[in-house]
Amino acid sequence: MRPLAPGYQPPAAMAAHPVAKPADVPAPAPADAAADPRVGLPEGWSATRDAGGKVYYWHRQTKKVQWDRPTAETPIQ
């Protein structure tokens, strides 16, 4: 890439489209369990989808797999 010539001025079209400042960028919407089934799972649990798109849950340490969303009271043995 070659350096810009001294006194270079960008085309007027570029000036009409300023770069967004961080304050101008909206914060992302909070995720919820409906949009992301991993949100709010008890520690050690993860969620994924089968080939048909159905969500299932698995415990990373014990390798327990289940269709029902686990709660803090779900036994992991």
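In this text, all values refer to a predicted model and were calculated from it rather than measured experimentally.

The next subject is the side chain of Thr74. With respect to the secondary-structure elements, Thr74 resides in the segment after strand E3 (65-66). For Thr74, a relative accessible area of 18% gives the class buried. When near neighbours in sequence (up to four residues on either side) are disregarded, Thr74 contacts Trp45, Lys64 and Gln66.

Tracing the sequence through the fold places Gln66 in strand E3. Classification of Gln66 as buried rests on a relative accessible area of 15%. Among the polar contacts listed, one links the side chain of Gln66 to the backbone oxygen of Asp68, at a separation of 2.7 Å. With near-sequence residues (within four places) excluded, Gln66 lies in contact with Trp45, Tyr56, Tyr57 and Thr74.

Taken in spatial order, the 3 strands make up an open sheet running E1-E2-E3, and their pairing is antiparallel. In this open sheet, the two strands that pair with only one neighbour each are strand E1 (45-49) and E3. Two strands pair when backbone bridges link them, and strand E2 (residues 55-59) and E3 are joined in this way by 2 bridges, in the antiparallel orientation. Its bridge partner being in E3, Tyr57 is matched across the sheet by Gln66.

Here we come to the confidence of the model for the protein. Summarising the model, the protein shows a mean pLDDT of 78, and 65% of its residues fall at 70 or more. The secondary structure element of the protein with the lowest average pLDDT is helix H1 (residues 12-15), at 58, and the one with the highest is E3, at 95.

Within the secondary structure, Arg49 is located in strand E1. Arg49 sits in the partly exposed class, given a relative accessible area of 45%. Along the sequence, Arg49 and Pro37 sit 12 residues apart, while their C-alpha atoms lie 9.4 Å from each other. Not counting residues up to four positions away in its chain, the partners in contact with Arg49 are Pro37, Lys54, Val55 and Tyr56. A distance of 3.0 Å separates a polar atom in the side chain of Arg49 from the backbone oxygen of Gly53.

The rules we used
Residues numbered from 1 in each chain as written. Predicted model: local features only at pLDDT ≥ 70, side-chain atom pairs only at ≥ 80, totals over all residues. Heavy atoms only, no water. Helix = DSSP H or I, 4+ residues; strand = E, 2+ residues; numbered from the N terminus. Buried < 20%, exposed > 50% of the residue type's maximum accessible area, 1.4 Å probe, protein only. Contact = heavy atoms within 4.5 Å. Polar contact = N/O pair within 3.5 Å; in protein donor to acceptor, adjacent residues only side chain to side chain. Pairing = 2+ DSSP bridges. pLDDT = per-residue confidence, 0-100.

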